[in-house]
Structures are given as C-alpha cells and as structure tokens.
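Close look at the chain arrangement
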Amino acid sequence: MIPQVEPWIDNSELEQLKRVIESTYLTENKITKEFEEGVRELTAAKHAIAVCNGTMALYCGLKALGIGFGDEVIVPDLTFVASSNAVLMTGAKPIFCDIEKDHLLIDVDAAEELVTEKTKAIMPVHLYGQSADMTKVLEFAARHNLRVIEDAAQAIGVKYKSIHVGLQGDVSGISFYGNKTITCGEGGIILTNSDEIAQSCRRLKNHGRDRRGTFVHEHIGFNFSMTEMQSAIGVSQLKKLPAIIQRKQEIHDTYAEGLKNIEQLEITPIAPRCEPVHWFTSFYAEDRAELVDYLAENKIQTRRFFCPLHLQPCYQDSVDPEREYPITTQAYERAISLPSAYGLKPEQQEYVIEKIHQFYSGR
Ligand SMILES: Cc1ncc(COP(=O)(O)O)c(C=O)c1O
C-alpha cells in the first residue's frame, strides 16, 4: 500500500534517543528545553511551552485566557474534533462556524451572526497547512472584545504575512502527533508572546506550580508534561523540517501538474495570503467515493476530509438544527487527500497519477 502519510524516521532519531537513555533522565528535562528552544527559534515566539499533545496545548491556552463554564468559543465547522473538544474540556461551549467559500478556513463573515453575550473567544484553525485570514480574525475579535486562540496543530512552518502562524492571536497550540509534518509520536507546543499566558500554561501543565520539587500548590494544575523521549525525537525532526517542507511542495506541484487536465478534479485552493506547508495535497473530486475505492484496490491509500463538527454523532445534542453549513458539507462530500508523505517516491507518485487518469478516462 502506498501510504497517504508517514513520518520520516531513521537513525538520527535513534541517536537522539540514545542521549536520553544514557542520561537515565526520562521525564521532562534538558532535552525538552532544547526542543522548546528549537521551536521558539523557528517561530520567533517569545514562549514555546512543550506539553503532552496538541489537544492539551489548546486546553491550556483556553484556560489561560480564562475560558470556562458559561462561555462560548467560535470554532470552524471543518476541523479535527480535538479543536472543539478542547473547548468542551474547559466547560465552555464550541459554536460551529462555516468556512470560506473559496478556501478551507474559518469564514469570519459567517461568524458575525454567531456572536452572543456569552462569546469569549474565536479559534481559527490553520487547516491542512494553510493560514486562516488572521487580519480579519483579529479585526473581528477586537470589534467584539474576544480573545483569539489559534489551532496551529497542523501548521508547523506555515506563515501568515511572513510571521509564523500562532503568534498573531493571544495563544496557540501545535501538535506533533505521528501523522503531522514533523512528529514526536505524541506531543504539543503552546506558543505565545504573553508572559502572563505563558506562566499560566506552565503552571497548568505542572500541577499548578512554577517549579518541580515543591509540594505546596497555590494554583490548580494537572500534568501535561512531555517526556525526554518525545522531545529527543522532536529535536531530530526539527532538523528535518526544511527538507520535509520542500519535498511536500514538490509533491503538491507534481500532483497539480500531473492532474491538471482532468476536468473532474480541482486542486483545493490555497489561501493567497499565506505561505503554506502542504501537509496533504487534496483535490475536490467528482465520484470521490468510487475514486477512493478504485485507488484502494490499486493499493493507494487516500483520506477524506474531516467530518464537519455539525455532522459528528457525538455533537448531535448540541447542534442547532436550524443552522446550515453548506461549504463544509460540500467540502466533506467532495475532497480527497492523496499520498503526501515525505518518503513518497517519484515513481510511486507517477503511479498514483496514472491510476487517477485511468479512473477518469471514459467517464
Ligand atoms: C486541527 C487539529 N487540532 C487539534 C489536534 C490535536 O492534536 P493532538 O492529536 O496532538 O492532541 C489535531 C491533531 O491531531 C488537529 O489536527
């Protein structure tokens, strides 16, 4: 099977892991600091705080903004379910918002009618390695006195107006789950330029205290720490990031060129305002379900877009039945993500392109 996505793991991760084993210090310590510093340098954030995964990065960010019971947070309808679940964990209610007609990102104009006196924040999600329109998000947030938490789980390396995503709002979370552009297996980073938010997040992830080794807790906190093993893999992966970004761009461009003459396919558009990282290359496809089956029969793995939140079985009790989400629904019906792993060989990509041509020929 040609995998849809796969991490690039080799001896360099093993070498970094050896350092951890030799040190015998497994819980968060110097190598986690090194990983945080690497992400801080990459993004130019004032603070980069490692946590156990991207969901907890978002949870800590929301809590640090004071979001909790009785509050509402506007979340795009097209995202991975963890975006809205992080809101739920705080006790607040996620309110789903449609995406832009031409792109895959939150439609700030559609968000206007979702604002109530309970709305406290908006969470743009930088989906599939593109940036939401942060100028519009920030203007909207300022007008309604809202905080901004950016879900940058899928967006390491993505820039908006030459600034790494996750730094224009108040706080953000990046994920290093196994299928992300770079991975720690599991892992997350909170980015913020605010000292106050950073301090709250550090306390939240460390049992409510500023330092380890003290057992008097002035604040409520939990344990969302990284391990040195995860961070060691992250340190190695950060070094590979430029090569991965470049290869993902080549994969994207090769699909765009190789499939441009198929009228039943349309590459998902890129928001013109951002410097994307093509985590996945995706297309809107006629007869998507049949195409997926045909490619699977030919040992090519593909992926559908995320099921929109308003269609998720677990959210049916809280969805407003009057509200419609035409754009997310249509994107979900039509989109397919093609094999996009760093390790995709040129001949494998040629094979994928050839099979897609075969599928549509004569249709
Ligand atoms: C958009 C989005 N938000 C949040 C998350 C949660 O990150 P994690 O799986 O690291 O908890 C993910 C990824 O898995 C994601 O894709």
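Residues numbered from 1 in each chain as written. Predicted model: local features only at pLDDT ≥ 70, side-chain atom pairs only at ≥ 80, totals over all residues.

1. Topic: the domain arrangement of the protein chain
Assigned domains within the protein chain: domain 1 (11–236) and domain 2 (241–360). Its C-alpha centre places domain 1 at a distance of 25 Å from the equivalent point of domain 2. Those elements that provide at least two residues to the side of domain 1 that touches domain 2 are strand E3 (93–97) and strand E6 (159–160). Tallied by class, the residues present in the side of domain 1 that touches domain 2 amount to 13 nonpolar, 9 polar and 8 charged. (Domains from an automatic or database assignment. Helix = DSSP H or I, 4+ residues; strand = E, 2+ residues; numbered from the N terminus. Nonpolar A, V, L, I, M, F, W, Y, C, P; charged D, E, K, R; others polar.)

2. Overview of the site of the ligand
Neighbouring the ligand are 14 residues; Asn-53, Gly-54, Thr-55, Ala-153 and Ser-175 lie closest to it. Counting only elements with at least two residues in the shell around the ligand, the list comes to helix H3 (54–64) and helix H4 (82–89). Split into classes, the residues belonging to the shell around the ligand amount to 5 nonpolar, 8 polar and 1 charged. (Near = placed C-beta within 6 Å.)

3. A closer look at unusual backbone geometry
Despite not being glycine, Ser-162 has its phi angle at roughly 70 degrees, a positive value. When you line up the elements, Ser-162 lands in the loop between E6 and strand E7 (163–164). A positive phi is found at Asp-287, a non-glycine position, where the angle reads about 55 degrees. Note that Asp-287 resides in the loop between strand E12 (281–285) and helix H9 (288–297).

4. What to know about the packing of helix H1 (residues 11–23) against helix H8 (residues 228–258)
Across the interface, H1 lies against H8 with an axial gap of 8 Å and an inter-helix angle of 140 degrees. Crossing angle aside, the handedness with which H1 passes H8 is right-handed. Contact with H1, carried on its side by Ser-12, Glu-13, Gln-16, Leu-17, Arg-19 and Val-20, involves Glu-228, Met-229, Ala-232, Ile-233, Val-235 and Ser-236 of H8 and no other residues of that element. Of the residues belonging to the contact of H1 with H8, the class tally is 6 nonpolar, 3 polar and 3 charged. (Axes fitted to C-alpha atoms, helices over the stretch in contact; angles between N-to-C directions. Left-handed = near helix turned anticlockwise from the far one by under 90°. Contact = placed C-beta atoms within 7 Å.)

5. As for the nonpolar core
Grouped together as the largest cluster of nonpolar side chains are 106 residues, with contacts concentrated most on Val-51, Cys-60, Val-73, Ala-121, Ile-122, Ile-189 and Ile-190. Inspection of this core shows a minimum of three residues originating in each of domain 1 (11–236) and domain 2 (241–360). Setting aside anything within four residues of it in sequence, one finds Val-73 in contact with Ile-67, Val-87, Ala-92, Pro-94, Ile-95, Lys-120, Ala-121 and Met-123. (Core = buried A, V, L, I, M, F, W, Y, C linked by C-beta atoms within 7 Å. Buried ≥ 20, exposed ≤ 12 C-beta atoms within 10 Å, placed from the backbone.)

6. Things to note about the environment of Glu-266
With respect to the secondary-structure elements, Glu-266 resides in strand E10 (residues 265–267). Expressed as a C-alpha distance, the spacing of Glu-266 and Gly-129, which sit 137 residues apart in the sequence, is 18 Å. In this structure, Glu-266 is in contact with Phe-283 and Tyr-284, ignoring residues within four places of it in sequence.

7. Let's talk about the sheet that holds E6
Pairing is antiparallel in the open sheet, where 3 strands are placed in the order E7-E6-E11. The strands lining the two open edges of the sheet, one partner per strand, are E7 and strand E11 (274–275). Pairing of E6 with E11, which is carried by 2 bridges, proceeds in the antiparallel orientation. In the strand pairing of E11, Lys-159 is matched with Glu-275. (Pairing = 2+ DSSP bridges.)

8. A few points about helix H2 (residues 30–43)
Taking 1.5 Å of rise per residue, the 14 residues of H2 would be expected to cover 20 Å, and the 20 Å separating its terminal C-alpha atoms lies within 8% of that figure. Three or more residues of H2 are buried, namely Ile-31, Thr-32, Phe-35, Glu-36, Val-39 and Thr-43. Projected onto a plane normal to the axis of H2, the buried residues spread over an arc of 145 degrees and lie on a single side. Set apart from the buried face of H2 by more than 90 degrees, the exposed residues are Lys-33 and Glu-41. Buried positions along H2 lie against H1, strand E1 (47–51), E7, strand E9 (188–192) and H8. Looking at the residues trailing H2, positive phi occurs at Ala-44, about 65 degrees. (Expected span 1.5 Å × (residues − 1). Arc of directions from axis to C-beta.)

9. So, the sheet that holds strand E5 (residues 147–151)
The sheet built from 7 strands is open, its strands ordered E1-E9-E8-E5-E4-E2-E3 with mixed pairing. On the outer flanks of this sheet lie E1 and E3, each paired with one strand and no other. The average angle at which neighbouring strand axes cross in this sheet is 25 degrees, direction not considered. The pairing of strand E2 (residues 72–76) with strand E4 (residues 119–122) spans 3 bridges and is parallel. Counterpart to Glu-72 in the pairing with E4 is Thr-119. Against the sheet, helix H7 (residues 195–205) engages E1, strand E8 (171–175) and E9, with an angle of about 15 degrees to E1.

10. Quick look at H4
Within the sequence span of H4, burial applies to Ala-82, Ser-83, Ser-84, Ala-86 and Val-87. In the core, the buried residues of H4 are packed alongside H3, E2, E3 and E5. A positive backbone phi angle near 100 degrees is found at Gly-91, which sits one or two residues after H4.

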